[in-house]
Amino acid sequence: MANASSAVGTRSAGLTWFLRILVVVYLFMLVAWPTGLVAQNTFSNGLEGMRTALSDPDVTHSLRLTVQVAIIAVAINLVFGVGMSLLLVRFDFPGKRALSALIDLPLSVSPIVVGLALVLVYNPRYGWFGETLSDNGIDVVFATPGIVMATCFVALPLIIREVVPVLEEMGDEQEQAARSLGANSLQTFRRITLPGIKWAIVYGVVLSLARSLGEFGAVKIVAGKSIGDKETATLLVQREYQNFHQDVAYSVSFLLVVAAVLCLVVVALLRPKPESHRQLAKEKK
């Protein structure tokens, strides 16, 4: 029996190390190596490529537009994401399952299809609502509102799918107790619900921000060929690379990578440590 246990333990340890090495190699080939090559090409001539990129008015405009669109999209998804999470968890209504399935639609539908759908609906020439909006001076497609809508769509589920499990785990006992003591809905949300879901919101916001900064497919269709005007950073990377301006393309790509990594680092630093969770649980007991 002892020999059998030792053999099983040795085999398990060997399998564990094999799986670890396999995962590390997979992540290195898929993530670390390509990202490292982008950084290597960005600084192949020192800081000259970055200086050239940041001195280009088209680059600075595209970066500003990308940040503006991402912030607006994240703010919209934050409000509606938290609202829909509360709706899905705290209320029962006909069509609840259908709504939950629709929320996951952006994860299964190609962003190209999303952009095409927005063009069909809001095109100023033949769209369902585009002609009416255009007559009233409101441009959606081939303008900033269309880019914001496309970005909101692709990042929609990220906040909701972070908040919903936390709300389900919390339950509604404390909220009911607060209402029984005279608290209104706003007070209950601000003092009971929000503190319980704040870290889920933070993580969802960061994921949504990273996704919004890097969106390409839907924005490409909605923005059209508005070079230098309604061109986000991802669209500029494609154009500069195809025009053999690789130094600019690599530099902007590196900035987008840095932004995404910083988002994840911020979440890792702000997220409470497991020790604090255990201490909080002891205090509640």
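About the thresholds
Residues numbered from 1 in each chain as written. Predicted model: local features only at pLDDT ≥ 70, side-chain atom pairs only at ≥ 80, totals over all residues. Heavy atoms only, no water. Helix = DSSP H or I, 4+ residues; strand = E, 2+ residues; numbered from the N terminus. Buried < 20%, exposed > 50% of the residue type's maximum accessible area, 1.4 Å probe, protein only. Contact = heavy atoms within 4.5 Å. Areas by Shrake-Rupley, 256 points an atom, 1.4 Å probe, with all protein chains shown as cover. pLDDT = per-residue confidence, 0-100. 1 Å grid on protein atoms, 1.4 Å probe; cavity = no way out; pocket = protein on both sides within 12 Å on 5 of 7 lines; lining within 4 Å. Points joined across faces, edges and corners; volume = space filled by probe spheres on them. Patch = residues over 30% accessible without salt bridge, like charges linked within 9 Å, V, L, I, M, F, W, Y side chains within 5 Å. Salt bridge = Lys/Arg side-chain N within 4 Å of Asp/Glu carboxyl O. Axes fitted to C-alpha atoms, helices over the stretch in contact; angles between N-to-C directions. Parallel < 35°, antiparallel > 145°, perpendicular 65-115°, else oblique. Left-handed = near helix turned anticlockwise from the far one by under 90°. Nonpolar A, V, L, I, M, F, W, Y, C, P; charged D, E, K, R; others polar. Expected span 1.5 Å × (residues − 1). Bend = angle between axes of the 7 residues up to and from the residue. Polar contact = N/O pair within 3.5 Å; in protein donor to acceptor, adjacent residues only side chain to side chain.

Some points on the overall build of the chain
- Helix and strand counts for the chain come out as 14 helices and zero strands.
- Overall, the chain shows an N-to-C arrangement of helices and strands of α-α-α-α-α-α-α-α-α-α-α-α-α-α.
- The buried share of the chain, taken over its 285 residues, is 30%.
- If you take every contact in the chain between residues at least 6 apart in sequence, the share linking residues at least 24 apart comes to 70%.
- Looking at the chain as shown, the accessible area adds up to about 17,600 Å², and 66% of this sits on carbon and sulfur atoms.

Some thoughts on the confidence of the model for the chain
- Overall, the predicted model of the chain reaches an average pLDDT of 85, with 90% of residues at or above 70.
- In the model of the chain, helix 14 (residues 274–284) stands out as the element of lowest mean pLDDT, 48, in contrast to helix 3 (residues 57–90), which has the highest, 93.

Details of the layout of surface pockets
- Considered as a void within the structure, the second largest pocket measures approximately 240 Å³ in volume.
- What lines the second largest pocket is simply Leu86, Arg90, Phe91, Asp172, Glu175, Gln176, Arg179, Ser185, Thr188, Phe189 and Thr193.
- Mapped by element, the contributors of at least two residues to the lining of the second largest pocket are helix 3, helix 9 (173–180) and helix 10 (185–213).
- Sorting elements by how many residues they give to the lining of the second largest pocket places helix 10 first, with four residues.

A look at a nonpolar patch on the surface
- On the surface, Trp17, Ile21, Val25, Phe28, Met29, Trp33 and Leu37 cluster together into a nonpolar patch covering about 730 Å² of accessible area.
- By the element assignment, Met29 lies in helix 1 (residues 2–42).

Some remarks on the environment of Leu105
- Turning to its location among the elements, Leu105 is positioned in helix 5 (residues 105–108).
- Spatially, the C-alpha atom of Leu105 lies 9.2 Å from that of Leu156, the residues being 51 residues apart in sequence.

Let's talk about the packing of helix 3 against helix 8 (residues 144–170)
- Their axes nearest at 6 Å, the elements helix 3 and helix 8 cross at an angle of 40°. Viewed along their axes, helix 3 and helix 8 adopt a mutual orientation that is oblique. Our pair here, helix 3 against helix 8, has a crossing hand that is right-handed.
- Here the residues of the contact of helix 3 with helix 8 are counted per class, giving 22 nonpolar, five polar and two charged.

Quick word on the packing of helix 6 (residues 111–122) against helix 8
- Relative to each other, helix 6 and helix 8 sit at 140°, their axes nearing to 10 Å. Judged by the inter-axis angle, helix 6 sits oblique to helix 8. The two elements helix 6 and helix 8 meet at a crossing, and its hand is right-handed. Contacts between helix 6 and helix 8 pair Pro111, Val114, Leu118 and Tyr122 from the former with Gly146, Met149, Ala150, Phe153 and Val154 from the latter.
- Classifying every residue of the contact of helix 6 with helix 8 gives eight nonpolar, one polar and no charged.

Digging into helix 8
- Over its 27 residues, helix 8 runs 39 Å from end to end, which matches the ideal 39 Å to within 8%, given 1.5 Å per residue.
- Along helix 8, the sharpest change in direction is near 45° and occurs at Ala155; proline Pro157 comes one to four residues later.
- Backbone geometry just downstream of helix 8 places Gly171 in the positive-phi region, at approximately 75°.

Details of the side chain of Ser212
- Examined against the element boundaries, Ser212 turns out to sit in helix 10.
- At 2.7 Å, the side chain of Ser212 forms a polar contact with the backbone oxygen of Ser208.
- Setting aside residues no more than four positions away along its own chain, Ser212 makes contact with Ala70, Ala73, Val74, Thr151 and Ala155.

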